[in-house]
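Spelled out, the chains give:
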Amino acid sequence: MDPSEVEFLSEKEIVTIIPNFSLDKIYLIGGDLGPFNPGLPVEVPVWLALNLKQRQKCRIVPPDWMDVVKLEEIRDQERKEETFAPIPSPYYMELTKLLLNHASDNIPKADEIRTLVKDIWDTRVAKLRLSADSFISLQEAHAKLDNLTLMEINTTRMFLLDSLNYMYKLRTNMHPGSDAARSQDY
Amino acid sequence: MIGTMPDTETGEENCMEENLQRVRKGDVKASVHRMEIDRIRFVLSSYLRSRLQKQYEERTRIYYILLAISQTMSDELSEASDLSADDNQDVMTPAELIAKLEEAWLNEKFSPELLENKSEIVECVMEQLTHMEENLQRVRKGDVKASVHRMEIDRIRFVLSSYLRSRLQKIEKHFPHILEKDKSRAEGDPSFLSPQEFAFAKEYLANTETYLKAVALRHMPPNLQTVDMLKAVPEPCLDSFVFLRVKERQENILVEPETDEQREYVVDLEEGSQHLMRYRTIAPLVASGAVQLI
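Note that the coordinates shown come from a computational prediction; the quantities given were computed from them, not determined experimentally. (Residues numbered from 1 in each chain as written. Chains lettered and ligands numbered in written order. Predicted model: local features only at pLDDT ≥ 70, side-chain atom pairs only at ≥ 80, totals over all residues. Heavy atoms only, no water.)

Our next topic: the pattern of salt bridges. The full count for this structure, using the stated rule, is 22 salt bridges over all chains. Its salt-bridge partner being A:Arg79, residue A:Asp119 comes within 3.8 Å of it at the nearest N-O pair. With A:Asp119 in helix α5 (residues 110-137) and A:Arg79 in helix α3 (residues 68-80), this residue pair connects regions lying 40 residues apart in the sequence. Note that B:Glu113 and B:Lys181 form a salt bridge whose closest N and O atoms lie 3.5 Å from each other. (Salt bridge = Lys/Arg side-chain N within 4 Å of Asp/Glu carboxyl O. Helix = DSSP H or I, 4+ residues; strand = E, 2+ residues; numbered from the N terminus.)

What follows concerns the confidence of the model for chain A. On average, chain A scores 87 in pLDDT, and the residues at 70 or more come to 93%. Across residues 177-186 of chain A, confidence stays below pLDDT 50; counting only partners more than four residues off in sequence or on other chains, it has 17 contacts. (pLDDT = per-residue confidence, 0-100. Contact = heavy atoms within 4.5 Å.)

Another aspect to go through is empty space enclosed by the protein. Residues and elements named next belong to chain B. Taken as a whole, this structure holds one cavity of 30 Å³ or more when the rule is applied. Empty space within the largest cavity amounts to approximately 30 Å³. Contributing to the lining of the largest cavity are Phe-42, Val-43, Ser-46, Tyr-47, Met-92, Leu-97, Cys-124 and Gln-128. Elements with a contribution of two residues or more to the lining of the largest cavity: α2 (30-54) and α6 (119-138). Broken down by element, the lining of the largest cavity gets its largest block of residues, four residues, from α2. In the lining of the largest cavity, the residues fall into six nonpolar, two polar and no charged. (1 Å grid on protein atoms, 1.4 Å probe; cavity = no way out; pocket = protein on both sides within 12 Å on 5 of 7 lines; lining within 4 Å. Points joined across faces, edges and corners; volume = space filled by probe spheres on them. Nonpolar A, V, L, I, M, F, W, Y, C, P; charged D, E, K, R; others polar.)

For the rest of this paragraph, the subject is the packing of aromatic side chains. Within the structure shown, the criterion is met by seven aromatic pairs over all chains. Seen in terms of ring centroids, B:Phe175 and B:Tyr204 are 4.9 Å apart; in terms of plane orientation they differ by 75°. Their pairing is edge-to-face. Taken as a pair, B:Phe175 in helix α7 (residues 144-184) and B:Tyr204 in helix α8 (residues 195-215) lie far apart in primary sequence, 29 residues in all. Exposure remark for B:Tyr204: the relative accessible area of 27% places this residue in the partly exposed category. Connected via pairs of aromatic rings, a cluster forms that spans A:Phe8, B:Trp105 and B:Phe158. (Phe/Tyr/Trp six-rings, centres within 6.5 Å; stacked < 30°, edge-to-face > 60°. Buried < 20%, exposed > 50% of the residue type's maximum accessible area, 1.4 Å probe, protein only.)

Attention now moves to the packing of α3(A) against α5(A). All names here are of chain A. Contact geometry of α3 with α5 gives a least axis separation of 10 Å together with a crossing angle of 20°. Comparing the axis directions of α3 and α5 gives the class roughly parallel. In the crossing of α3 with α5, the sense of the turn from one axis to the other is left-handed. Contacts between α3 and α5 involve Val-68, Leu-71, Glu-72, Ile-74, Arg-75, Glu-78 and Arg-79 from the former and Glu-112, Ile-113, Leu-116, Val-117, Asp-119, Ile-120, Thr-123, Arg-124 and Lys-127 from the latter. Grouping the constituent residues of the contact of α3 with α5 by class yields seven nonpolar, one polar and eight charged. (Axes fitted to C-alpha atoms, helices over the stretch in contact; angles between N-to-C directions. Parallel < 35°, antiparallel > 145°, perpendicular 65-115°, else oblique. Left-handed = near helix turned anticlockwise from the far one by under 90°.)

Shown next, in the form of structure tokens:
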């Protein structure tokens, strides 16, 4: 899966915006939005929020978790624990990136948040690599991956799955004639 | 989705009533309401069609129960009243429809084999899109609302075409096996391929064979002039690992060992948990919708 597709999925998350225009309710296929009144917060999907922001028609209210104190807590917990700690949003990385790139003027301490999220990401991806390594060396057949986000899975998907498949192929081909070996024959 | 509807009955009914209240109150918003009504009407009719094919008996049974409800509907919807019997008990809202499409998209993207075709969903989404586009043509240019609608349409269209494209890619990759599977399915079972996909696979097979013949095979010695497509093209590798998220709790899923020294064991899949395991083990759960590939 392409990272841009993960980003695409994250864009349907809901954020609050404060519009500076007024508009009736919009009846979208995916649900109703609005009504929009200047100064009154309203919830919209991220894709619309970014579009309105680019046209300078709104101010984006950063999500609760996008806050230096909260992120520091999360980072510390992530570093402390060996397993993946719960994360405030399943799309934290994508949303941070999108919102900071397009609406950094609406987010207090944008630079600090960027660094913190990057720290959290690095810690988690390091854990992911470690566990992928032990998964392969122990030749496990099942792993539980709670709290892992789609983007994190996606960074390792191709590499991990392909190597597992190749190893499986090599292993089954050691017993020629087995049914599994034949189906792997390419 | 047809089996699950009796539960959703009241929800759909409320939803419809809400719609009607909106319809009654506005004349300024009349055009928006018309769009909304058209959308509802479209859902009704497309579901009637699919259900007529499948479950005629159950349809008529629930029809009589829901006829009473549909009679209370406003005049604007009266011509659709007999369809609403279906709508009320098995139809998702358009938002749920889109969510279903996204699920199907991800499952198709990550599963090594071709999954059952969701032509019902695809058709509904297509009709939604065409309909919304028709409505948008009547709107004057530069309307803010129209641009939002257009953006949403583009997003849905992207998912839809990505879904269909990934199916076609799989067909191209494994076409002889897919056709073989389609041939061997039991009489009356629904095909994994939509009619268009079936035509595509057939044509692809014929074209590949012609191509191989024209380019190489006819120059070969006579005893080497045939190619067994089933052996020449790789089978889908059902033993690949997949990432998945559990939507309905499952117990006692057998995990086969990787090596001979290990023993097989069972795991319970808790709702909401995420796992990495072989596709073969959980393939039936993907088909039933109990797990979502991620």
